[in-house]
Amino acid sequence: MTDDHQLRVGKIENGTVIDHVTGGQALNVLAILDIDGSGGEEISVGMNVPSERVGRKDIVKVEGRELSQEEVDVLSLIAPDATINIVRNYDVVEKHRVERPEEVVGVLSCPNANCITTAHEPVDSRFAVLEDGVRCAYCGTLIREGFARYIEVD
Ligand code: CTP
Ligand code: ZN
């Protein structure tokens, strides 16, 4: 449904389209994917664009990159209705809804400096996914928002 009154972002050739992102969350999606533009990646972002299914949505298109399951798991925390579309040679070859996992392991680092997972021990971080945030399985610290800030750096 394209007409002269609509500005459409171009299709991508190879990569991932993260569609039906909760309105206003696109910049957090980019933060979770560790994309700030400095790496020269080709990124298109639409924010608060009209959607029949969800009213208003954000959309993020990342050329040349397919997301890892860990990244998708964290995305589900801020964009529970998102659709991940894998594009190869301009065609959508895979489409799936994100699912909120029961726990995220080895993805987020605990904000508690005294937590065993942050003490240079060989212990993977482990957070239970709750309705209103995630809770460290070791020390109970709750993270409610700003998940991108807690992504572990390798
Ligand atoms: N897309 C893209 N580049 C491509 C193919 C698709 O940017 N080469 C985008 C489309 O613009 C759309 C999303 O990927 O935003 C999903 O594409 P498609 O499955 O063709 O669209 P719909 O059927 O409308 O998706 P849905 O049913 O999930 O809403
Ligand atoms: Zn902890």
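Residues numbered from 1 in each chain as written. Chains lettered and ligands numbered in written order. Predicted model: local features only at pLDDT ≥ 70, side-chain atom pairs only at ≥ 80, totals over all residues. Heavy atoms only, no water.

- An unreviewed UniProt entry annotates the chain as Aspartate carbamoyltransferase regulatory chain of Halalkalicoccus paucihalophilus.
- As stated in UniProt under Subunit (unreviewed entry), the record for the chain gives "Contains catalytic and regulatory chains." (UniProt positions renumbered as here; feature names shortened; annotations may be inferred.)

**Some thoughts on the site of ligand 1**
Thought 1: Around ligand 1 lies a shell formed by Lys 11, Ile 12, Val 17, Asp 19, His 20, Ile 59, Lys 61, Asn 85, Val 87, Tyr 90, Val 92 and Lys 95.
Thought 2: Between ligand 1 and the protein, one listed contact pairs a nitrogen atom with a backbone N or O atom of Ile 12 at 2.8 Å.
Thought 3: One nitrogen or oxygen atom from the side chain of Lys 61 is found 2.7 Å from an oxygen atom belonging to ligand 1.
Thought 4: In isolation ligand 1 has 600 Å² of accessible area, and contact with the protein removes 67% of it.
Thought 5: Of all the elements in the fold, those that place two or more residues in the shell around ligand 1 are strand S1 (15–22), strand S3 (55–63), strand S4 (83–88) and strand S5 (91–97).
Thought 6: No other element matches the three residues that S1 contributes to the shell around ligand 1. (Near = heavy atom within 4 Å. Polar contact = N/O pair within 3.5 Å; in protein donor to acceptor, adjacent residues only side chain to side chain. Areas by Shrake-Rupley, 256 points an atom, 1.4 Å probe, with all protein chains shown as cover. Helix = DSSP H or I, 4+ residues; strand = E, 2+ residues; numbered from the N terminus.)

**Here's the deal with the domain arrangement of the chain**
Thought 1: The domain architecture assigned to the chain consists of domain 1 (15–97) and domain 2 (103–149).
Thought 2: In this assembly, domain 1 packs against domain 2 so that about 570 Å² is buried in total across both faces, 91% of it on carbon and sulfur atoms.
Thought 3: Where domain 1 touches domain 2, the interface holds zero salt bridges.
Thought 4: Put simply, domain 1 and domain 2 have zero residue pairs in polar contact (both at pLDDT 80 or more) between them.
Thought 5: Of all the secondary structure elements, the ones that give two or more residues to the side of domain 1 that touches domain 2 are helix H1 (26–32) and helix H2 (69–78).
Thought 6: Broken down by element, the side of domain 1 that touches domain 2 gets its largest block of residues, five residues, from H2.
Thought 7: Its residues assigned to classes, the side of domain 1 that touches domain 2 shows five nonpolar, one polar and two charged. (Domains from an automatic or database assignment. Buried area = accessible area lost by both parts, 1.4 Å probe. Salt bridge = Lys/Arg side-chain N within 4 Å of Asp/Glu carboxyl O. Nonpolar A, V, L, I, M, F, W, Y, C, P; charged D, E, K, R; others polar.)

**Digging into the sheet that holds strand S7 (residues 126–130)**
Thought 1: Read from one edge of the open sheet, four strands run S6-S7-S8-S9, paired in antiparallel fashion. Strands at the two margins of the open sheet, each flanked by one partner only, are strand S6 (103–105) and strand S9 (142–143).
Thought 2: Where S6 meets S7, three bridges bridge the pair, whose relative direction is antiparallel. Across the sheet, Val 104 pairs through a bridge with Phe 127, a residue of S7. (Pairing = 2+ DSSP bridges.)

**Description of the pattern of salt bridges**
Thought 1: Tallied over the full model, the rule gives six salt bridges.
Thought 2: A salt bridge links Asp 19 to Lys 57, with the nearest nitrogen and oxygen atoms 2.8 Å apart. Within this pair, whereas Asp 19 is found in strand S1, its partner Lys 57 is found in strand S3, the two being separated by 38 residues in sequence.
Thought 3: Classification of Asp 19 as buried rests on a relative accessible area of 13%.
Thought 4: Across the salt bridge formed by Arg 88 and Glu 66, the nearest N and O atoms sit 3.0 Å from each other. Of this pair, Arg 88 sits in strand S4 while Glu 66 sits in the loop between S3 and H2; the two residues are 22 residues apart in sequence, bridging distant segments of the chain.
Thought 5: Using a relative accessible area of 40% as the deciding quantity, one classes Glu 66 as partly exposed. (Buried < 20%, exposed > 50% of the residue type's maximum accessible area, 1.4 Å probe, protein only.)

**Here we look at the coordination of the zinc ion (ligand 2)**
Thought 1: Those donors, Cys 110 (SG), Cys 115 (SG), Cys 136 (SG) and Cys 139 (SG), are the protein atoms that reach the zinc ion (ligand 2), and they lie 2.3 to 2.4 Å from it.
Thought 2: What the four donor atoms of the zinc ion (ligand 2) show is an angle range of 100 to 115° at the metal, which sorts the shape as tetrahedral.
Thought 3: What makes Cys 139 partly exposed here is its relative accessible area of 32%. (Donors = N, O, S within 2.8 Å, 3.2 Å for Na, K, Ca; no water. Tetrahedral: all angles 85-135°; square planar, octahedral: opposite > 155°, others 65-115°.)

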